[in-house]
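# Structure at a glance
Given next are the chains, with one letter for each unit.
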Amino acid sequence: MNNRSMPRVERFVPFALAAAMALAAVLLLWEGRDLTFFVDEWSFGYGERYGLAPAELLAPENGHLALVPVLLTKASLALFGAETTLPLRLLSVCFHLATALLLFLILRRRVGDLVALAPTVLVLFLGAAADLLIGSHGMPMLIAVAAGLGAWLALERDSRGGDVAAALLLAFGLAANGLALVFAVGALAILLAAGARGRSRLWCVLAPLALYALWSLIYGDGESDFAVANLAALPSFGFRSLAAELAAASGLFADPGARVQSFDPAAGTALAGALLVGLAGLWLARVRVPLRPLLPALAALLALWALTGAVASPARQPESARYLYPGVILLALIAGAALAQAPWRRRGCLLLVAVCALGLPPNLREINYAGDFFREQSAQDRAVLAAADSLGTATDPSLVLEPLGDPAAVGVAEMSFDLGAYRRAREAYGSPALSAAQLRSASPSVYAAAARLLERAGAD
């Protein structure tokens, strides 16, 4: 974008980015106020995994190695107790901000500071993926993405120190969540595209992958949602993933009449179809963009679609925040790499900025709606714990607080540990339970969550 005023404007980009990061941090912490643990977090050191034995630290969580979030949760519980998750929420926000900063640093090399700012700000406020950003339960995935992007930047240095840093970052990401595998694929693409020099540096990706494979052999539980039938549907899953990511980035996922979290991929489906037709038209017109700069992000995006599509289930669909977050980031990187080489760069950059600007308000709205949902869920969890506190010592300690699949459960049934485990955790770390007075004045839905446990316990 050869505009004489551009360098002068770009001097203000770092200040704008810093302001956006500060605003995102304040917004996410505010919307995450009063939250306690959610889903997998309960098993990271409170309801389960009491000790520091390797079998406890390295046990899989939904098929993933979760060593890093387990250690962080244990440290927070030991230092601050269970009454607050603020330290974990601060860490989660920091990893999200680091991801946005790394995205900006990569994009600025392709399209300049001013254009790179637009998708970075969109990712900072990506409300379509708010399920990862509100609270701290999304931290494993945020760590994986931040570590993966950091590894890519380190590899671009083409130095021994950069390679060591990349290996450590990939190992760190894989120790947090298997989503880092997607970025390991991108790292392999970076090195393989570099020819003989790159092939001599493959160790910095293969070594972390070998450690992850060794963990899987020793500690993996062998359980997986992988189904051969899913392979036949991979093209469909990939197209739906592209549609969901385009809907999230453009903001066209929003339901105009909704006042709660929602995601409508219909507009994204139209956008995905138009994009594929446009790309086919450019190919037929012999308009070529060098593929090599696109390879890392493109390989990673295809790996994301393939790996998630292979284990697709009702709970693992393209609209899930855990897939939208990395998907939108990778699409932004592909767009930046393509625009850097395209003959229509100026118009393409303006279009990218316009799409990000269009997508920002709906994503901001979704962050607010997600905050409402998670605060209600946390209040229900605290009510269940308050009900558990009211049960006498004669109550069966094997009583599960919230059995998975309970058709009468209120909210999300996520505390699948038993009463005995809760009492041990409470003795060690305290409890985020509501007080008796708070429970009596709670909303009907919150009180109903406590009443369900008392009903199952046979208490009056």
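Here the structure is a predicted model, which means the values were calculated and not measured. (Residues numbered from 1 in each chain as written. Predicted model: local features only at pLDDT ≥ 70, side-chain atom pairs only at ≥ 80, totals over all residues. Heavy atoms only, no water.)

### Overview of the packing of helix α9 (residues 160–174) against helix α12 (residues 203–219)
The line we're drawing: Where helices are involved, their axes are fitted lines through C-alpha atoms of the stretch in contact, as for all axes, and angles between N-to-C directions lie from 0 to 180°. A run of H or I in DSSP counts as a helix once it spans at least four residues, and a run of E counts as a strand once it spans at least two, with each numbered from the N terminus. By the definition adopted for this analysis, an angle is roughly parallel if under 35 degrees, roughly antiparallel if over 145, roughly perpendicular if from 65 to 115, and oblique otherwise. It is the rotation of the near helix from the far one that decides the hand of a crossing: anticlockwise by less than a right angle makes it left-handed, clockwise makes it right-handed. Contact between two residues is taken to exist if any of their heavy atoms lie within 4.5 Å; hydrogens are not considered. Residue polarity is assigned by list, with Asp, Glu, Lys and Arg as charged and Ala, Val, Leu, Ile, Met, Phe, Trp, Tyr, Cys and Pro as nonpolar; anything else, Gly included, falls into the polar class.
Remark: α9 packs on α12, axes separated minimally by 8 Å, with the N-to-C direction vectors making an angle of 25°. Taken together, the axes of α9 and α12 lie roughly parallel to each other. You can see that α9 and α12 cross each other, and the crossing is right-handed. In this structure, α9 uses Arg 160, Asp 163, Val 164, Ala 166, Ala 167, Leu 170, Ala 171 and Leu 174 to contact α12, whose residues at the interface are Trp 203, Cys 204, Val 205, Pro 208, Leu 209 and Tyr 212. Here the contact of α9 with α12 is built from residues that sort into twelve nonpolar, no polar and two charged.

### Things to note about the nonpolar core
Within soluble globular proteins, side chains that are nonpolar generally end up buried alongside one another. Here is the rule: Definition of nonpolar core: a set of buried residues of the types Ala, Val, Leu, Ile, Met, Phe, Trp, Tyr and Cys, connected through side-chain atoms within 4.5 Å. Three labels apply to residues, based on accessible area from a 1.4 Å probe with only protein chains included: buried if under 20% of the type maximum, exposed if over 50%, partly exposed otherwise in between.
In this structure, Tyr 46, Trp 152, Tyr 325, Leu 333 and Leu 401 are the most contacted members of the largest nonpolar core, which totals 132 residues. Those residues in contact with Trp 152 that sit more than four places away from it in its chain are Phe 183, Gly 186, Ala 187, Ile 190, Pro 296, Ala 297, Ala 300, Leu 330 and Leu 333.

### Focus: the pattern of salt bridges
Applicable threshold: In the sections that follow, a salt bridge refers to a side-chain nitrogen of Lys or Arg positioned within 4 Å of a carboxyl oxygen of Asp or Glu.
Throughout the structure, instances matching the rule amount to twelve salt bridges. One salt bridge in this structure joins Glu 455 and Arg 452, with 3.5 Å as the shortest N-O distance. Taken as a pair, Glu 455 and Arg 452 lie in helix α21 (residues 444–457) at a separation of three residues, close to a single helical turn. Among the charged side chains, a network of salt bridges with common partners joins Asp 158, Asp 163, Arg 197 and Arg 201.

### Some points on unusual backbone geometry
Backbone geometry places Asp 34, a non-glycine residue, at a positive phi of 65°. Assignment of secondary structure puts Asp 34 in the loop between α2 (13–31) and α3 (54–57). The residue Asp 158 is not glycine, and still its phi comes out positive at about 50°. Residue position: Asp 158 is located in the loop between α8 (139–156) and α9.

### Describing the packing of aromatic side chains
Note the threshold: Only Phe, Tyr and Trp rings are paired, with Trp represented by its six-membered ring, and only when their centres lie within 6.5 Å; those with planes under 30 degrees apart are stacked, over 60 edge-to-face, the remainder tilted. Only when the NZ atom of a Lys or the CZ atom of an Arg is both within 6 Å of the ring centre and within 35 degrees of the ring normal do we say a charge sits over the ring.
One pass over the structure, following the stated rule, counts eleven aromatic pairs. Between the aromatic rings of Tyr 46 and Tyr 422, the centroid separation amounts to 6.4 Å while the plane-to-plane angle is 50°, which identifies the pairing as tilted. Note that Tyr 46 is positioned in the loop between α2 and α3 and Tyr 422 in helix α19 (residues 419–429), a separation of 376 residues in sequence. According to the relative accessible area criterion, Tyr 46 is buried, its value standing at 0%. Looking at Tyr 422, the relative accessible area reads 0%, which means it is buried. Ring plane angle 75° and centroid distance 5.0 Å describe the contact between Phe 373 and Phe 374, whose orientation is recorded as edge-to-face. By relative accessible area, which is 3% here, Phe 374 ends up buried. In this structure, Arg 322 is placed above the aromatic ring of Tyr 323, and the distance from its NZ or CZ to the ring centre is 5.9 Å.

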